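Here's the letter readout for the chains.
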Amino acid sequence: MSDRLSVFKTYKLYVGGKFPRSESGRVYEVTDAKGNWLANAPLSSRKDARDAVVAARKAFGGWSGATAYNRGQVLYRVAEMLEGRKEQFVREVAEAEGLSKAKAAAVVDATIDRWVWYAGWTDKIAQVIGGANPVAGPYFNLSSPEPTGVVAVLAPQESSFLGLVSVVAPVIATGNTAVVIASEKAPLPALSLGEVLATSDVPGGVVNVLPGRTAEIAAPLAAHQDVNAIDLAGADEALAKELEIAAADNLKRVLRPQAVDYFETPGIERMTAFLETKTVWHPTGSLGASGSSY
């Protein structure tokens, strides 16, 4: 018999590319689908939420200013890292959602494929929803999408990994930065995703992950004046209504919760939900039969 003691993992927040403990010092027990203890996760506070917004805002300029092609390369690198840690995520998803190993493996495969799918959209979305507009006058009129800014994301409660990636990837693929509230009852896949992001090429602060009580963390984010949008995917009806009212104070974009089968191929709605349209008018001079006098 071995007398070796097991090394239990200490899960932490992921904020600004680092792994701090919650400033409150609180933790809560995370259990599997059968109620067995898995780990102690940090219980994020309002102060942690504000710190995450500061980190996301600081990272926004560099991330939104990167070329769409570069963002696609970075996201694809994350998929490579996920592929290398597939075994870990299969175990965590199986424990979190009460799935067999085979079903959990299918979820993880779908999650990695979903990340690659959004990586491929980074330099294509502008071609789909942007373009030249016909106008009656000597002007070029061009519309192009731009990221909204800092987006608070309430991750789905039941789909701890595939659902998580399905709501986070479109936010950052389009140049936004994210403050993510992990699934309250199954936060471990989200916290492990933070470890993957930290060891890939995603700049610190682009994605920030907060575990804990969804309602407690979401309230200050919905009211925060430096948060530009909020995805309510992980909120129930009562909480969603409360947060939507708070979000109206600074005219945040709000994506309401909806029934989603995360295994289905997503459309572009989650990308366009957090994009603004910039339209530029440029004079061309007079155009006539003899040519342009531009």
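Everything numeric in this text was worked out from a predicted model, so none of it was measured.

Each value, and the rule that gives it
Residues numbered from 1 in each chain as written. Predicted model: local features only at pLDDT ≥ 70, side-chain atom pairs only at ≥ 80, totals over all residues. Heavy atoms only, no water. Phe/Tyr/Trp six-rings, centres within 6.5 Å; stacked < 30°, edge-to-face > 60°. Helix = DSSP H or I, 4+ residues; strand = E, 2+ residues; numbered from the N terminus. Expected span 1.5 Å × (residues − 1). Buried < 20%, exposed > 50% of the residue type's maximum accessible area, 1.4 Å probe, protein only. Contact = heavy atoms within 4.5 Å. Pairing = 2+ DSSP bridges. Axes fitted to C-alpha atoms, helices over the stretch in contact; angles between N-to-C directions. Parallel < 35°, antiparallel > 145°, perpendicular 65-115°, else oblique. Left-handed = near helix turned anticlockwise from the far one by under 90°. Nonpolar A, V, L, I, M, F, W, Y, C, P; charged D, E, K, R; others polar.

**Student:** Explain the packing of aromatic side chains to me, please; I cannot follow it from the model alone.
**Tutor:** We describe a pair of aromatic rings using the distance from one ring centre to the other and the angle between the two ring planes. Under the definition given, this model contains five aromatic pairs. One aromatic cluster in this structure is built from Trp117, Tyr118 and Trp121.

**Student:** Whenever I open this one, helix H6 (residues 162-173) confuses me. Can you help?
**Tutor:** Along an α-helix, a turn takes 3.6 residues, which lines up residues three or four apart on a common side. Helix length check: H6, at twelve residues, gives a terminal C-alpha distance of 16 Å against a target of 16 Å (1.5 Å per residue), a fit within 8%. The set of residues buried in H6 consists of Leu162, Gly163, Leu164, Val165, Ser166, Val167, Val168, Ala169, Pro170, Val171, Ile172 and Ala173. Two residues or fewer after H6 comes Gly175, characterised by a positive phi angle close to 100°.

**Student:** How should the environment of Ile129 be read in this particular structure?
**Tutor:** As for its position among the elements, Ile129 is in helix H5 (residues 125-129). C-alpha separation for the pair Ile129 and Ser143, spaced 14 residues apart in sequence, amounts to 8.4 Å. Ignoring anything within four residues of it in the chain, the contact list for Ile129 reads Pro145, Ile268, Thr272 and Leu275.

**Student:** Which parts of the structure should I look at to understand the sheet that holds strand E7 (residues 207-210)?
**Tutor:** Pairing between sheet strands relies on hydrogen bonds along the backbone, with the strands arranged either parallel or antiparallel. One open sheet holds the five strands; their spatial order is E7-E6-E5-E8-E9, and the pairing between them is parallel. What marks the edges here is a single partner per strand, and that holds for E7 and strand E9 (253-255). Taken over all neighbouring pairs, the strand axes of this sheet differ in orientation by 15° on average, direction set aside. Taken together, the three bridges between strand E5 (residues 150-154) and strand E8 (residues 229-231) define a ladder with parallel strand orientation. The residue bridging Ala152 from the neighbouring strand is Ile230, located in E8.

**Student:** Got a minute to help me understand the packing of helix H3 (residues 86-97) against helix H4 (residues 101-121) in this structure?
**Tutor:** Packed helices, taken two at a time, are described by the angle between their axes plus the distance between the axes. At a minimum axis separation of 8 Å, H3 and H4 run at an interaxial angle of 120°. Taken as axis vectors, H3 and H4 run oblique relative to one another. Seen from above, H3 lies across H4 with right-handed handedness. Listed contacts from H4 to Lys86, Phe89, Val90, Val93 and Ala94 of H3 are Lys101, Ala104, Ala105, Val107, Val108, Asp109 and Ile112. Grouping the constituent residues of the contact of H3 with H4 by class yields nine nonpolar, no polar and three charged.

**Student:** Even after reading the chapter, I still don't get the packing of helix H8 (residues 214-223) against helix H9 (residues 237-247), so can you show me in this structure?
**Tutor:** Their axes nearest at 8 Å, the elements H8 and H9 cross at an angle of 20°. The angle between the axes of H8 and H9 places the two elements in the roughly parallel class. Of the two elements, H8 crosses H9, and the hand of that crossing is right-handed. Along the contact surface, H8 presents Thr214, Ala215, Ala218, Ala219, Ala222 and Ala223, while H9 presents Leu239, Leu243, Ala246 and Ala247. Counted by class, the contact of H8 with H9 contains nine nonpolar, one polar and no charged residues.

**Student:** How should the pairing of strand E2 (residues 37-42) be read in this particular structure?
**Tutor:** Across a regular strand the side chains alternate sides, sitting on one face of the sheet and then on the other. Where strand E1 (residues 27-31) and E2 come together, five bridges link them in antiparallel fashion. When the sheet's bridge partners are listed, Glu29 is paired in E2 with Asn40.

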